[in-house]
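# Structural characterization, general
As a plain string of letters, each chain reads:
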Amino acid sequence: AMTATDELQVVPIGSGVSVRAAVGRAVEMLQERGDFIVETHASGTNVEGDLETILDAVREIHHALHREGSVRLLSYLKLETRTDKAPTLAGKRL
């Protein structure tokens, strides 16, 4: 398994000015998995975990939010993997 870190920003489009409910649901889904380190910040969420599991989670978030009423979603995913060592969120802090 390959460990990855990422920053995920899920943006519901056409849902009005407030996107708190949909974004909160996406974060909740990441936290509920239990196999990620999840750190929210003002413009997205940082995640550390298995690469395949992260990619699965993004897909599941899209399916769930669409089922729950979001018509259009745009996600920005910054993903880091390494071959020399496992990337960690802790290692990114200044």
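Here's a quick rundown of the structure. (Residues numbered from 1 in each chain as written. Predicted model: local features only at pLDDT ≥ 70, side-chain atom pairs only at ≥ 80, totals over all residues. Heavy atoms only, no water.)

## A closer look at the overall build of the protein
Helices and strands together make up the secondary structure of the protein, namely two helices and four strands. Traced from its N-terminal end to its C-terminal end, the protein shows the element sequence β-α-β-β-α-β. Along the three orthogonal principal directions, the C-alpha set of the protein runs to about 45 × 25 × 20 Å. Burial statistics for the protein: of 94 residues in total, 31% are counted as buried. Intrachain contacts of the protein at a sequence separation of at least 6 include 69% that bridge at least 24 residues. For the protein, the accessible area works out to roughly 6000 Å², and carbon and sulfur atoms hold 52% of it. Positive and negative charge centroids in the protein, built from 11 and 14 side chains respectively, lie 5 Å apart. (Helix = DSSP H or I, 4+ residues; strand = E, 2+ residues; numbered from the N terminus. Buried < 20%, exposed > 50% of the residue type's maximum accessible area, 1.4 Å probe, protein only. Contact = heavy atoms within 4.5 Å. Areas by Shrake-Rupley, 256 points an atom, 1.4 Å probe, with all protein chains shown as cover. Lys, Arg positive; Asp, Glu negative; His and termini not counted. Charge placed at Lys NZ, Arg CZ, Asp CG, Glu CD.)

## Some remarks on the sheet that holds strand β4 (residues 72–81)
Spatially, four strands are ordered β2-β3-β1-β4 in an open sheet, and the strand pairing comes out antiparallel. Every interior strand has two partners, whereas the edge strands, β2 (37–41) and β4, have only one. Pairwise comparison of adjacent strand axes, ignoring direction, gives a mean angle of 20° for this sheet. When β2 meets strand β3 (residues 44–50), the two strands line up antiparallel, connected through five bridges. Bridge pairing links Val38 to Val47 in β3. Sheet contacts for helix α1 (residues 20–33): β1 (3–13), β2 and β3; angle to β1, the most-contacted strand, approximately 155°. Of the strands in this sheet, β1, β3 and β4 touch helix α2 (residues 51–67), which is tilted by about 170° from β4. (Pairing = 2+ DSSP bridges. Axes fitted to C-alpha atoms, helices over the stretch in contact; angles between N-to-C directions.)

## Comments concerning the nonpolar core
Buried together is how nonpolar side chains tend to be arranged in soluble globular proteins. One finds Leu8, Val10, Leu30, Phe36, Ile61 and Leu65 to be the most contacted residues of the largest nonpolar core, which totals 17 residues. Examining the composition of this core, we find that seven residues originate from one element, α2, more than from any other. Not counting residues within four places of it along the chain, the set of residues in contact with Val10 comprises Val23, Ala26, Ile61, Leu65, Leu73, Leu74 and Ser75. (Core = buried A, V, L, I, M, F, W, Y, C linked by side-chain atoms within 4.5 Å.)

## Section: the side chain of Thr45
Inspection of the secondary structure assignment puts Thr45 in strand β3. For Thr45, a relative accessible area of 6% puts it in the buried group. Discounting residues that sit within four places of it in the chain, Thr45 has contacts with Asp6, Glu7, Leu8, Val27, Leu30, Val38, Glu39 and Thr40.

## Some points on the pairing of β1
Successive side chains on a regular strand alternate, one facing one side of the sheet and the next facing the other. Pairing between β1 and β3: six bridges, direction antiparallel. Counterpart to Glu7 in the pairing with β3 is Asn46. Inspection of the sheet shows β1 paired to β4 by 10 bridges, in the antiparallel sense. Along β4, the bridge assignment pairs Glu7 with Lys78.

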